[in-house]
2 protein chains.
Amino acid sequence: MKQRRPVVENILNANDQLAEENRSRLDTAGVYAINLMASPGAGKTSLIEHTIKQLTGKLNLAVVDGDIATSIDADRAKAAGAEAVQINTGGECHLDAIMLQGALNQLQLARIDLLLVENVGNLVCPAAFKLGTHQNVLIASIPDGDDKPYKYPPMYRDVDALVINKIDLLPSIDFNMDYFQRGVQVLNPGLVTFPISCRTGEGLESWLTWLEEGVSGHNPTNNH
Amino acid sequence: MKQRRPVVENILNANDQLAEENRSRLDTAGVYAINLMASPGAGKTSLIEHTIKQLTGKLNLAVVDGDIATSIDADRAKAAGAEAVQINTGGECHLDAIMLQGALNQLQLARIDLLLVENVGNLVCPAAFKLGTHQNVLIASIPDGDDKPYKYPPMYRDVDALVINKIDLLPSIDFNMDYFQRGVQVLNPGLVTFPISCRTGEGLESWLTWLEEGVSGHNPTNNH
């Protein structure tokens, strides 16, 4: 979806405009929103579950889950204790701003501090569609291999933070972290990076702190 | 890409027509062609490397590698000993029939028995675009999780065979094979399945036999 032929260009412009409307709506309500993107199975839903469990009590969280067919992810988010809205994309390979707009209509935004948006599992298409969130976060995964920044550059180039999940599998897998990080740095110098394991809990502390600081910085007078 | 609005419908019809042209060209030349699809990092390139190394000498192989940016995969296929053509999709999230047509123009088809086409790493979009190959094969991967058939049904529904890679990681990962297989069977009853490990070589024998039988059955008088 990166070759911008005329029709595609118009679609993207319309999307960007709606994304700006989403953003100002979130800002007005004092909601700090994160767009989580990853290939299938990298651990988006697991990271969301851990985040809900750790931050509930400190912050009011909600989740928007994008999937092409089921509501498994929203069910998991609800089970972990957060308000959750499912977007079933009907086969579409990414979320777009109008889908998020529909989901925002179903949430009581004034009650929410932190909104986690789980995009469709796809390492190509979501990069081209802004949603209006404040941060775009990519979750990489050790078993996916150390060549992914080289093979999927648009996704690595456009994100604001990178989570590297499943670091507990490093002893079982040939993954050259230097090679991976060199690829990341070329595309996105100085990118904020969180090596974690949802399985063991390693590294989650820094991720949670980053989110809490984001919420405070976004809306310092937010007291709900 | 599954919601068939009018414009999309026309694009897909044009694609299907070109796919048929590709198919008859392959048949005329006696080439048996496989479309390999998977999420990023599931092991498409590793499986191709093993297949080239094991079947070279018995069959004449060639590889077409689709990637959104680099030529890493074609380089790996060449290093393993096969003729290889790279398709750089320029950001597009899947191969289509016209891209394969361009690649076929660069190969001496009459000299090839088995053509392996490596699609872009994506568990959504490639399912909607036929290429004209004889078999569509999906590579699943243990670390991607046991819920993938439930979350990406179109891909599982439309394939002719399923490879389950990285089974050497089963002891390190929570993966319920029964749950996974139940999801597969609902979508695609009786699907031919090959549990393998490219790392240890386990299970590759059956995969290679299936390919060889496919080549023989496709063109029994093929003697080149």
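Each remark here, short or long, concerns the structure printed above.
The present account deals with the structure reproduced in this document. (Residues numbered from 1 in each chain as written. Chains lettered and ligands numbered in written order. Predicted model: local features only at pLDDT ≥ 70, side-chain atom pairs only at ≥ 80, totals over all residues. Heavy atoms only, no water.)

Concerning the pattern of salt bridges
Residues and elements named next belong to chain A. Applicable threshold: The term salt bridge refers to a side-chain nitrogen of Lys or Arg lying within 4 Å of a carboxyl oxygen of Asp or Glu. Put simply, DSSP H or I for four residues or longer makes a helix, DSSP E for two residues or longer makes a strand, and each gets a number counted from the N terminus.
Per the stated rule, a full pass over the model turns up ten salt bridges over all chains. Across the salt bridge formed by Asp168 and Arg199, the nearest N and O atoms sit 3.4 Å from each other. Highlighted residues: Asp168 in the loop between strand 6 (161–165) and helix 7 (177–187) and Arg199 in the loop between strand 7 (192–195) and helix 8 (204–218), separated in sequence by 31 residues.

Focus on the interface of chain A and chain B
The criterion, for reference: For this analysis, residues touch if any pair of their heavy atoms sits within 4.5 Å. Defined here as a combined quantity, buried area equals the accessible surface (1.4 Å probe) lost by two parts on assembly, summed across both. Pairing of N or O atoms within 3.5 Å defines a polar contact, subject to two protein rules: one partner must be a possible hydrogen donor and the other a possible acceptor, and residues neighboring in sequence count only if both atoms are side-chain atoms.
Taken together, the 43 residues of chain A in the interface contact 43 residues of chain B. Taken together, the two surfaces of chain A and chain B that pack against each other cover about 3200 Å², and 54% of this comes from carbon and sulfur. Across the contact surface, chain A and chain B share two salt bridges. Close ionic contact of B:Lys151 with A:Asp73 constitutes a salt bridge, the shortest N to O distance being 2.8 Å. At the surface where chain A touches chain B, the tally comes to eight residue pairs in polar contact (both at pLDDT 80 or more). Only helix 3 (72–79), helix 5 (148–151) and helix 6 (153–158) of chain A provide two or more residues apiece to the side of chain A that touches chain B.

Observations regarding the packing of aromatic side chains
For any two aromatic rings, the description comes down to two numbers: the centre-to-centre distance and the angle of the planes. Formally: Only centres within 6.5 Å qualify two rings of Phe, Tyr or Trp (six-membered ring in Trp) as a pair; their planes then separate them into stacked at under 30 degrees, edge-to-face at over 60, and tilted for everything else. For every residue, the accessible area obtained with a 1.4 Å probe (protein chains only) is divided by the maximum for its type, and the residue is called buried under 20%, exposed over 50%, and partly exposed between those limits.
All told, the structure shown has twelve aromatic pairs over all chains when counted by the stated rule. Geometrically, the ring pair formed by A:Phe194 and A:Trp210 is tilted, given 5.5 Å between the ring centres and 55° between the ring planes. In this pair, A:Phe194 is assigned in strand 7 and A:Trp210 in helix 8, connecting sequence segments 16 residues apart. By the burial criterion, A:Phe194 is buried, and A:Trp210 matches it. Between B:Phe194 and B:Trp207, the ring centres sit 5.9 Å apart and the planes meet at 75°, which makes this aromatic pair edge-to-face. You can see B:Phe194 sitting in strand 7 (residues 192–195) and its partner B:Trp207 sitting in helix 8 (residues 204–218), a full 13 residues away along the chain. In this structure, B:Phe194 and B:Trp207 share a single accessibility class: buried. Grouping aromatic residues by their ring pairs yields a cluster made of A:Tyr156, A:Phe175 and A:Phe180.

With respect to unusual backbone geometry
Here the phi dihedral of A:Lys166 falls at roughly 65°; this positive angle occurs in a residue that is not glycine. Tracing the backbone shows A:Lys166 in the loop between strand 6 and helix 7.

Thoughts on the nonpolar core
Definition in use: To qualify as a nonpolar core, a set must consist of buried Ala, Val, Leu, Ile, Met, Phe, Trp, Tyr and Cys residues joined through side-chain atoms within 4.5 Å.
Ranked by internal contacts, the top residues of the largest apolar core, which has 50 residues, are A:Tyr156, A:Leu162, A:Phe180, B:Tyr156, B:Leu162 and B:Phe180. The set of elements that each furnish at least two residues to this core consists of strand 5 (135–141), helix 6, strand 6 and helix 7 of chain A together with strand 5 (135–141), helix 6 (153–158), strand 6 (161–165) and helix 7 (177–187) of chain B.

Some points on the pairing of strand 2 (residues 61–67) of chain B
Residue and element names in this part refer to chain B. For clarity, the cut-off: Should DSSP find at least two bridges between two strands, the strands are taken to pair. A clockwise course of the path from the first strand over the helix to the second, judged with the strands pointing away from the viewer, identifies a crossover as right-handed.
The element strand 2 is extensively covered by neighbouring structure, given that seven of its seven residues are classed as buried. Across the two faces of strand 2 the burial is the same, with Leu61, Val63, Asp65 and Asp67 and Ala62, Val64 and Gly66 all buried. Examined bridge by bridge, strand 2 and strand 4 (residues 114–118) share five bridges and lie parallel to one another. Considered in strand 4, the bridge of Val63 is made with Leu116. Bridge count between strand 2 and strand 3 (residues 83–88): six bridges; the pairing is parallel. Residue pairing for strand 3: Asp65 is matched across the bridge by Gln86. As for the winding sense of the linkage, the β-α-β connection from strand 2 through helix 3 (residues 72–79) to strand 3 is right-handed.

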